[in-house]
Amino acid sequence: MDWDKLRIFHAVASAGSLTHAGDSLHLSQSAVSRQIRALEESLNTTLFHRHARGLILTEQGELLYEATRGMSKRLEAASARIRDSEEEVFGELRVTTAHGFGCLWLAPRLAKLYSKYPDLNIDLMLEERVLDLPMREADVAIRMKEPSQADLIRKRLMTVRMRLYASRDYIEQFGMPQTADEMRDHRLICQGTSSTQVSAGASMVQWLIGHDITSRLNVNNYFGVLQCVKNNLGIGVLPDYIVASEPYLVRVLPEVESAEVPVFLAYPEELRQSKRIAAFRDFVVEEIQAHRRILEASQSEEG
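Residues numbered from 1 in each chain as written. Predicted model: local features only at pLDDT ≥ 70, side-chain atom pairs only at ≥ 80, totals over all residues. Heavy atoms only, no water.

The protein appears in an unreviewed UniProt entry as LysR family transcriptional regulator from Tropicimonas aquimaris. Comment text from UniProt for the protein, heading Sequence similarities (unreviewed entry), reads "Belongs to the LysR transcriptional regulatory family." (UniProt positions renumbered as here; feature names shortened; annotations may be inferred.)

A.B. asks: Help me understand the overall build of the protein, please; the structure alone is not making it clear to me.
C.D. replies: Across its full length, the protein holds 10 helices and 12 strands. Taking 2.2 N^0.38 as the reference for a compact globule, 303 residues should give roughly 19 Å; the C-alpha atoms of the protein span a radius of gyration of 25 Å, well beyond that estimate. Dimensions along the principal axes, computed over C-alpha positions, put the protein at roughly 75 × 45 × 30 Å. Classification of the 303 residues of the protein by burial places 48% in the buried group. For the protein, the accessible surface area stands at approximately 15700 Å², while carbon and sulfur atoms represent 48% of it. Taking the 36 positively charged and 42 negatively charged side chains of the protein as two groups, their mean positions are separated by 3 Å. (Helix = DSSP H or I, 4+ residues; strand = E, 2+ residues; numbered from the N terminus. Rg over C-alpha atoms; globule rule 2.2 N^0.38 Å. Buried < 20%, exposed > 50% of the residue type's maximum accessible area, 1.4 Å probe, protein only. Areas by Shrake-Rupley, 256 points an atom, 1.4 Å probe, with all protein chains shown as cover. Lys, Arg positive; Asp, Glu negative; His and termini not counted. Charge placed at Lys NZ, Arg CZ, Asp CG, Glu CD.)

A.B. asks: Whenever I open this one, the sheet that holds strand β11 (residues 249–257) confuses me. Can you help?
C.D. replies: Strand pairing in a sheet is mediated by backbone hydrogen bonds. Such pairs are either parallel or antiparallel. Spatially, 5 strands are ordered β9-β8-β10-β7-β11 in an open sheet, and the strand pairing comes out mixed. Each edge of the open sheet is held by one strand with a lone partner, namely β9 (216–218) and β11. Strand-to-strand twist in this sheet, taken as the mean axis angle between neighbours without regard to direction, amounts to 30°. In terms of strand pairing, strand β7 (residues 162–167) meets β11 through 5 bridges, oriented antiparallel. Directly across from Ala166, in β11, lies its bridge partner Val250. Lying on the sheet, helix α9 (residues 222–230) is in contact with β7, β8 (188–190), β9, β10 (235–239) and β11; it crosses β10 at an angle near 140°. (Pairing = 2+ DSSP bridges. Axes fitted to C-alpha atoms, helices over the stretch in contact; angles between N-to-C directions. Contact = heavy atoms within 4.5 Å.)

A.B. asks: Sorry, what's going on with the pairing of strand β1 (residues 48–51) here?
C.D. replies: Consecutive side chains of a regular strand alternate in pointing toward one face of the sheet and then the other. Two strands pair when backbone bridges link them, and β1 and strand β2 (residues 54–57) are joined in this way by 4 bridges, in the antiparallel orientation. Bridge pairing in β2 places His49 opposite Ile56.

A.B. asks: What should I look at first to understand helix α3 (residues 29–43) in this one?
C.D. replies: Owing to its 3.6 residues per turn, the α-helix aligns residues three or four sequence positions apart on the same side. End to end, α3 covers 21 Å across 15 residues, agreeing with the expected 21 Å (1.5 Å per residue, within 8%). When we look at burial in α3, the residues that qualify are Ala31, Val32, Ser33, Ile36, Leu39 and Glu40. Remark: Asn44 follows α3 within two positions and exhibits a positive phi of approximately 55°. (Expected span 1.5 Å × (residues − 1).)

A.B. asks: In this structure, what is going on with the packing of helix α1 (residues 3–15) against α3? I would like to understand it.
C.D. replies: Contact geometry of α1 with α3 gives a least axis separation of 9 Å together with a crossing angle of 110°. Classed by the angle they form, the pair α1 and α3 counts as roughly perpendicular. In this structure, α1 crosses over α3, and the sense of that crossing is left-handed. Only Val32, Gln35, Ile36, Ala38 and Leu39 of α3 make contact with α1, whose side of the interface consists of Lys5, Leu6, Ile8, Phe9 and Val12. For the contact of α1 with α3, a count of residues per class yields 8 nonpolar, 1 polar and 1 charged. (Parallel < 35°, antiparallel > 145°, perpendicular 65-115°, else oblique. Left-handed = near helix turned anticlockwise from the far one by under 90°. Nonpolar A, V, L, I, M, F, W, Y, C, P; charged D, E, K, R; others polar.)

A.B. asks: Sorry, what's going on with the packing of aromatic side chains here?
C.D. replies: In this structure the tally under the stated criterion is 5 aromatic pairs. With a centroid separation of 5.5 Å and an interplanar angle of 50°, the aromatic rings of Phe9 and Phe48 are classed as tilted. Taken together, the positions of Phe9 in helix α1 and Phe48 in strand β1 put the pair 39 residues apart, joining distant regions of the chain. The pair Phe9 / Phe48 is uniform in exposure class, with both members buried. Each ring, one from Phe101 and one from Trp105, has its centre 5.0 Å from the other, and the planes form 20°; the classification is stacked. Here Phe101 pairs with Trp105, and both are found in helix α5 (residues 99–106), just 4 residues apart, close to one helical turn. Residue classification places Phe101 among the buried positions, given a relative accessible area of 1%. (Phe/Tyr/Trp six-rings, centres within 6.5 Å; stacked < 30°, edge-to-face > 60°.)

Spelled out as structure tokens, the structure:
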């Protein structure tokens, strides 16, 4: 198959229109149409259904589009590697992580990264869904479990535990529970057990609910849980990494916590030499080390 025709086919399939594809390719509609017809003839098949609202891929067209989409992602990766300077860090870096970690831990720290690398552009994608790194849905990921794909470089960053927190004002007004059974006198704020979350957090919530807690507020991400806790609505189940940035929170029932949740940084093998990836990885590792020192100091104070 002709590579140039495949490139034009991919543009048409992505745009769903000959006109829009022609605009992006700087070709006339007729030139694009001729290339598509030639490709269909060479394959002896129809790739598009044509109707007044645009173009729809046929079953054969869908198969070819999946192939060209993979090719496009690979070419983007190669282009990114070529663009990476040997000395400078610049360009777009697509980072994906979960809503809670992205909002509560990563985003507040990005100013330091930008101050060091002002020509770096971060596209932060907060997704509970695991994006496909080899298919270039993102460049680098921070995940709350070890990646399963073999063609990824991964680095274990730290572990997280879910714990109980309340605002100081809430404790002053409603008192500090001394046992899990006393939690029934308080509202529990947590992610719903059906929400997408780490299993350790869900198990902890299930255990707490078993102590006859009748008043609950379910939120579908930890950022929302934190906002409710800050506004004195109850006692929340939150990841321990929040303590560094939320000093007005107090830990409730220090003996109650989830199992450890591993946090991994991962990126495709083909981006091993990327200066942008290296800069982000080193930045995160430095921030993790600083965070760990703060967390250890906080735990010493609790002890």
